[in-house]
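Descriptive structure summary
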Amino acid sequence: MPSGRATSLTINRLNKYFGGNHVVKDLSLTVAPGEFLVLLGPSGCGKTTGLRMIAGLEAADSGEILLGDSDVTHVLPKYRDVAMVFQSYALYPHKTVAENIGFPLKVRGIDRATMERAVREAAAQVHMVDYLDRYPRQLSGGQRQRVALARAIIRRPAVFLMDEPLSNLDAKLRGYMRAELKHMQHALGVTTVYVTHDQVEAMTLAHRVAIMDHGVLQQIGTPREVYESPANLFVAGFMGAPPMNFVRGRIEQGRFVGPGVALPVAGEAGPRDAVLGFRPEDARVVAAGAGLFDATVFAAELTGDVTLVTLTLGEDTVAIKMPKEYEADFDSRVAVDFAPARGFLFDAASGARLPAHLVRAGAA
Amino acid sequence: MSIAPRPAVHRRWLEPARIGAMSPLGGIVAYGLLGLWAAFVLFPLYWVVVTSLKLPVDVNTGPYFLPWVDFVPNLHAWRGLLVDDAGPTFRAYLNSIIIAFSSTVLCVLIGSMAAYALARIEYRPRLVSILIFVLALVGACVAVGVAGIDWRVATAVALALFVLLARALGRRFPGAVHNGDILFWIISQRILPPVVTIIPIYMMFQSVRLLDTHLALILAYTVVNLPIVVWLMYDFFTKIPIDLEESAQLDGASRFLIFFDIVLPLARPGLAATTLLVLILAWNEYVLALFLSTSRAQTMPILVAAMNAGEKGILWWTMSVVIIIMILPVILMALILQRFIARGVLLGAVKG
Amino acid sequence: MAVPQPAARPSRVEVTASLASAAPLARGEWLDRHARWLFIAPAVVMILIFSIFPLVASLLIAFSRVRLRAGTYSMTFVGFGNFEKQLVGSEQVHFLGQLTAFSPPAWVVVIAVAALLLWWLVGYARTQLTVIGLLGRLVTAAMLMALTLMLAATLLSGGQIGTLGVTLFYVFVGCAVQFLIGLGLALLCSQITRGRAFFRVVFFLPLMITPIGIGYIFRMMADTGKGPFATLWQWAGLGGFSWSADPWAARLIIVVADSWQWIPFIFVVLLAALESVPRDLVEAGEVDGASSWQIFREITWPEIAPVAATVMLIRVIEAFKLVDLPNIMTAGGPGTATESLTLHAFFAWRSLDLGQAAAVSYLLLFVTVVLCVSFFNLVVLRRRAAMAR
Ligand SMILES: Nc1ncnc2c1ncn2[C@@H]1O[C@H](COP(=O)(O)OP(=O)(O)OP(=O)(O)O)[C@@H](O)[C@H]1O
Ligand SMILES: [Mg+2]
């Protein structure tokens, strides 16, 4: 295949057990050629295990993995044509940067001159040409990261796999490397699966985000879709900082009824326990009685660009982002207001999003 | 004036003057005892060096300690061994070097490979197969020893039987042993006193006409030291981050390349220490050489031991020279290897 | 933050294009496919040929009378004949020693040991009881009882000990001395601040010397007529004394030589263990006002005990094989007073009595395995488990 060959990756009903521990459950997804897919989820949810199965480092218990059209489920890792960047970078400490980058070519018995040219080219892409003779221990974290990247790109694999490649870097460097990564993936056009538990990374890097919890795929979609239209309580609560506010209540007779809340609801939703969710940045604090429902001020904290107001509502607390000039007295009564379309209703038992939405009082 | 009262005299000796220091008395005792032991270690070595410079008459007329003061140093023993008697000495020396170094290289290579395999690859040999193997082995031995059947025939038949039976019964009984058991089995070979196995080994080498050859000793030394290598290196390999190997695997490297190009270089401190230890053991080995070499393949320890048999009694001066020239290669290797050896190398393995 | 952009979008050279399609990996493919077996096979095959097969063959020989004839041999099956000869027959004095009627102190010791073992077994049966655990302990107890009886009938009742007793003396007395001194030196060395490297190097020297050489060195040292301490001996009135003529003196000097060689090993390992004891544990103890003895007892010792147990296991295993020192220093004499079991087997082999040689070595193997495995299971594993907790 020529370079620039972007390959699709398809996973069908993949399962993995560690002893009795069902770590990946029926995982199915398709990554389009050249797509940057981010696998996002809390620690221990099976992201790494999924990635390692794609790489072939871990055998799947059932299901299949397709690269392009070929089934690679039972193919040894070295024949899969995938490259992986490890969280620890996995640089060989006894080899120089050039030897590290050139290792995949050395393994393939490529002649010296070609190899040196390729190493220089790959090093240039990650701005590491000046460091070719150093050893990994003489490099900073970010530089090591780049060497690992160069080693992955040098052989033009069909798929890049990256397992939290930025998590060992400090915050500033992480932001910088993120941009570099995104640019490079775009320039190379290689299909990429990227694992992280950092939602900012996921939002900024991904073409599409796949969110996992306890081994189950919760939702897959563009960052915008996942953020603005969460499929369930887990996704809603996982994305965003601070996360979405939840108010517990019931849907009865076309109304959502909670502690001090009674709002008309339109859509297909029979009587049931439900949760109302809305994002802190979508809501405003207004004078008591002037909003959708009233609440009591618990605290107001200035975090820099915004003031984060925490309100109590029965047993629930909700957080709302207000302009930084906003001030409020402890325990004063206020009201919360937001566009009814920005509220989400979930089934309390299953967590699934309900096909219903709020409507402004009076409009119902 | 400090407010604290001056400590009583006995306090001054028993309490440290500064934080983190020893009390003066403790220091004296510690250095005294350590110095005493150092003297106990060094004096015999000094005596050997001095004796190697003495004439027989200096040795026989009582203890003299200081060259040039007590007696006139003389190189006759050195000359006798290295010039007049050069033939046998150098042959034994060469034998020792060939045997010790070859067996060390072989042993470290085979042992590290096995240790690596046990650290990284999962094995599940069936219990039944092992049982059948032992039975086939016993059968073959009885056939050869008691019934007098040719050993080649017996071996072939036993192997064939083993393969057939293992295939037939292997699936029926699922019990299997694990890597840990294999590791323990290999390491436990070290418990075997060499005398237990040496007689059949002697007969075995005799029947293939390898007695008194380098090869026989090299093989025997390799086997007795194998458990040590496997044990020490296993510990090292498990400590190498597996990421490195997985990454190489994805890059297309074969197991052998991963082992020789990545794992071994990373285990260099352990490798150096293990090599040194095995080399010392092989270099100084005595019992196996006593059984397996008679003249041509005689090693230095045998040469040294044989000096006892002279009718003039022991030639202490010659003996001293031999002891000295026997230490030299070991010290040389220790100096070469020691810069690779991390401190506390043995410790890791011993901790278990 | 300004992200420096690559000066120009990197041009895709054909080089890398060709790399992806290079169909490599053909070389050594067969090797790689079978790596799983190729890695472990050499070691296993070597051990099978040179260790397991001889073990089986040796057992066979132990049950036979073997006659060597020019280049070949003949074997006759004699059942337990060889073992009987060692344990109850004409070789009994050589192997077990001169068995005599128990003297009063021998009775005391036998009864005390029996009571102790019984107490231990009952205690075990009361708390946790598994079939394997009980069987193992019964074997251990039986072995210890048998050895006690042997020692009571010989040593404690005024008889001479045989090669078994001599070997046990080398193992237990030698290893105990070596452990105590090695630990003491390591403790001292871990306390001092200066000169540690010096002591480490000096103390390591004896390990490098061939045991044969050490045998000769200590013969020189012990020579009361011409040795370095001759003046001292004469002054003490022992000028005519010969170490190798008195059984206990000869055994003692062998233990001294053995210790001289092996204390360094124990010292080096224990010192490394001491140095790896976390500083903050010790410091916490100091802050809490513990005395040095308490710190050792409560903090340092539990930390190094697993290492100490393992290192002693190694030492005991090797001590059972002791042969070069007695052969060189005394040739087993006076009489058979310093003969270790390995030497005993070697002498039998030299007189071409292969059956006896194999029987003796199997007896040695049996004692070694039972004692070492017991030590491993009852001491080493337990120490490690205590650390892991
Ligand atoms: N080799 C293994 N043997 C047994 N259990 C394992 C193994 N590897 C992972 N697990 C378990 O599988 C689950 C998923 O692990 P995994 O490493 O895939 O999580 P992750 O999503 O990558 O988490 P993190 O973000 O912390 O890296 C965890 O509960 C873990 O304990
Ligand atoms: Mg992970």
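Residues numbered from 1 in each chain as written. Chains lettered and ligands numbered in written order. Predicted model: local features only at pLDDT ≥ 70, side-chain atom pairs only at ≥ 80, totals over all residues. Heavy atoms only, no water.

What follows is about the overall build of chain C. Counting its regular elements, chain C contains 17 helices and two strands. A compact globule built from 389 residues would reach a C-alpha radius of gyration of about 21 Å, whereas chain C, at 29 Å, exceeds it by more than 25%. Referenced to the eigenvectors of the C-alpha coordinate spread, the extents of chain C come out at roughly 100 × 65 × 60 Å. Counting the 389 residues in chain C, one finds 50% classified as buried. (Helix = DSSP H or I, 4+ residues; strand = E, 2+ residues; numbered from the N terminus. Rg over C-alpha atoms; globule rule 2.2 N^0.38 Å. Buried < 20%, exposed > 50% of the residue type's maximum accessible area, 1.4 Å probe, protein only.)

As a further point, take the domain arrangement of chain C. Residue and element names in this part refer to chain C. Assigned domains within chain C: domain 1 (99–159) and domain 2 (162–388). For domain 1 and domain 2, the distance between their C-alpha centres works out to 25 Å. Domain 1 puts nine residues into the contact, and the matching count from domain 2 is eleven residues. Carbon and sulfur atoms make up 86% of the area that domain 1 and domain 2 hide from each other, which totals about 810 Å². At the surface where domain 1 touches domain 2, the tally comes to zero salt bridges. Counting residues per element, the side of domain 1 that touches domain 2 draws most heavily on helix H7 (residues 131–153), at seven residues. Among the residues forming the side of domain 1 that touches domain 2, the class breakdown is seven nonpolar, one polar and one charged. (Domains from an automatic or database assignment. Contact = heavy atoms within 4.5 Å. Buried area = accessible area lost by both parts, 1.4 Å probe. Salt bridge = Lys/Arg side-chain N within 4 Å of Asp/Glu carboxyl O. Nonpolar A, V, L, I, M, F, W, Y, C, P; charged D, E, K, R; others polar.)

What follows concerns the interface of chain B and chain C. Taken together, the contacts link 97 residues of chain B with 100 residues of chain C. With both sides pooled, the region where chain B packs onto chain C buries about 9100 Å², and carbon together with sulfur makes up 82% of that total. Of all residues in chain B, Leu 34, Trp 37 and Ile 191 of chain B give up the largest surface area on contact with chain C, accounting jointly for 8% of the area buried on that side. Our count for the chain B to chain C interface comes out at one salt bridge.

Moving on: the site of ligand 1. Residue and element names in this part refer to chain A. Taken together, Phe 18, Val 23, Ser 43, Gly 44, Cys 45, Gly 46, Lys 47, Thr 48, Thr 49, Glu 164 and His 197 make up the full set of residues near ligand 1. Thr 49 is positioned with one of its side-chain polar atoms (N or O) 2.5 Å from an oxygen atom of ligand 1. The dominant element in the shell around ligand 1, judged by the number of residues it contributes, is helix H1 (residues 47–55), at three residues. In the shell around ligand 1, the residues fall into three nonpolar, six polar and two charged. (Near = heavy atom within 4 Å. Polar contact = N/O pair within 3.5 Å; in protein donor to acceptor, adjacent residues only side chain to side chain.)

Helical periodicity: at 3.6 residues per turn, an α-helix aligns residues three or four positions apart in one direction. Residues and elements named next belong to chain C. Between the first and last C-alpha of helix H10 (residues 211–222) there are 16 Å, a value that for twelve residues agrees with the 16 Å anticipated at 1.5 Å per step. With respect to burial, H10 is a largely interior element, eleven of its twelve residues being buried. Looking at H10, one finds that the buried residues are Pro 211, Ile 212, Gly 213, Ile 214, Gly 215, Tyr 216, Ile 217, Phe 218, Met 220, Met 221 and Ala 222. (Expected span 1.5 Å × (residues − 1).)

Let us now look at a nonpolar patch on the surface. A cluster of nonpolar side chains, namely Leu 127, Ile 130, Val 134, Val 138, Val 142 and Val 146 of chain B, defines an oily patch on the protein surface of about 420 Å² accessible area. Looking at where Val 138 of chain B falls in the secondary structure, it is placed in helix H6 (residues 127–145). (Patch = residues over 30% accessible without salt bridge, like charges linked within 9 Å, V, L, I, M, F, W, Y side chains within 5 Å. Areas by Shrake-Rupley, 256 points an atom, 1.4 Å probe, with all protein chains shown as cover.)

Next up on the list: the sheet that holds strand S4 (residues 62–67) of chain A. Within a beta sheet, neighbouring strands are joined by backbone hydrogen bonds and run either parallel or antiparallel to one another. Residue and element names in this part refer to chain A. One open sheet holds the four strands; their spatial order is S2-S1-S4-S5, and the pairing between them is antiparallel. Two strands bound the open sheet, and with one partner strand each, they are strand S2 (21–31) and strand S5 (70–71). By the bridge criterion, two bridges tie S4 to S5 in an arrangement that is antiparallel. Note that in S5 the partner of Leu 67 across the bridge is Ser 70. Sheet contacts for H1: strand S1 (9–18), S2 and S4; angle to S1, the most-contacted strand, approximately 120°. (Pairing = 2+ DSSP bridges. Axes fitted to C-alpha atoms, helices over the stretch in contact; angles between N-to-C directions.)

On to unusual backbone geometry, then. At the junction of Ala 241 of chain A and Pro 242 of chain A, the peptide bond is cis and its omega measures out at -10° in the coordinates. Its identity is not glycine, yet Ala 90 of chain A carries a phi of approximately 50°, on the positive side. Topologically, Ala 90 of chain A is positioned in the loop between strand S6 (82–85) and helix H2 (97–107). The exposure class assigned to Ala 90 of chain A is buried, which follows from its relative accessible area of 3%. Even without being glycine, Asp 212 of chain B reaches a positive phi, approximately 60°. By the secondary structure assignment, Asp 212 of chain B is in the loop between helix H9 (194–207) and helix H10 (214–239).

For the rest of this paragraph, the subject is the pattern of salt bridges. Applying the stated criterion to the full structure yields 27 salt bridges over all chains. Arg 250 of chain A is the salt-bridge partner of Asp 273 of chain A, the closest N and O atoms lying 3.0 Å from each other. A residue pair is termed long-range when its members are at least 10 positions apart, and Asp 273 of chain A in strand S14 (residues 272–278) and Arg 250 of chain A in strand S11 (residues 245–252) qualify at 23 residues. Between Glu 283 of chain C and Arg 279 of chain C there is a salt bridge, with the nearest N and O atoms lying 3.3 Å from each other. Of this pair, Glu 283 of chain C and Arg 279 of chain C both sit in helix H13 (residues 279–287), four residues apart, which is roughly one turn of that helix. Linked through salt bridges whose partners overlap, the residues forming this network are Arg 52 and Glu 58 of chain A together with Glu 246 of chain B.

This part takes up the sheet that holds strand S13 (residues 261–267) of chain A. Residues and elements named next belong to chain A. Judged by pairing direction, the sheet is antiparallel, and its six strands sit side by side in the order S20-S14-S11-S12-S13-S21 without closing on themselves. Each edge of the sheet is formed by a strand with only one pairing partner; in this case those strands are strand S20 (344–347) and strand S21 (356–358). Ignoring which end each strand starts from, the neighbouring axes of this sheet average 40° apart.

Residues and elements named next belong to chain C. Helix H14 (residues 292–319) packs onto helix H8 (residues 163–191) with a crossing angle of 140° between their chain directions and a minimal axis gap of 11 Å. The angle between the axes of H8 and H14 places the two elements in the oblique class. The handedness of the crossing between H8 and H14 comes out as right-handed. In contact with Val 171, Cys 175, Gln 178, Phe 179, Leu 183 and Leu 187 of H8, H14 contributes Phe 296, Trp 301, Ile 304, Ala 308, Met 312, Arg 315, Val 316 and Ala 319. (Parallel < 35°, antiparallel > 145°, perpendicular 65-115°, else oblique. Left-handed = near helix turned anticlockwise from the far one by under 90°.)

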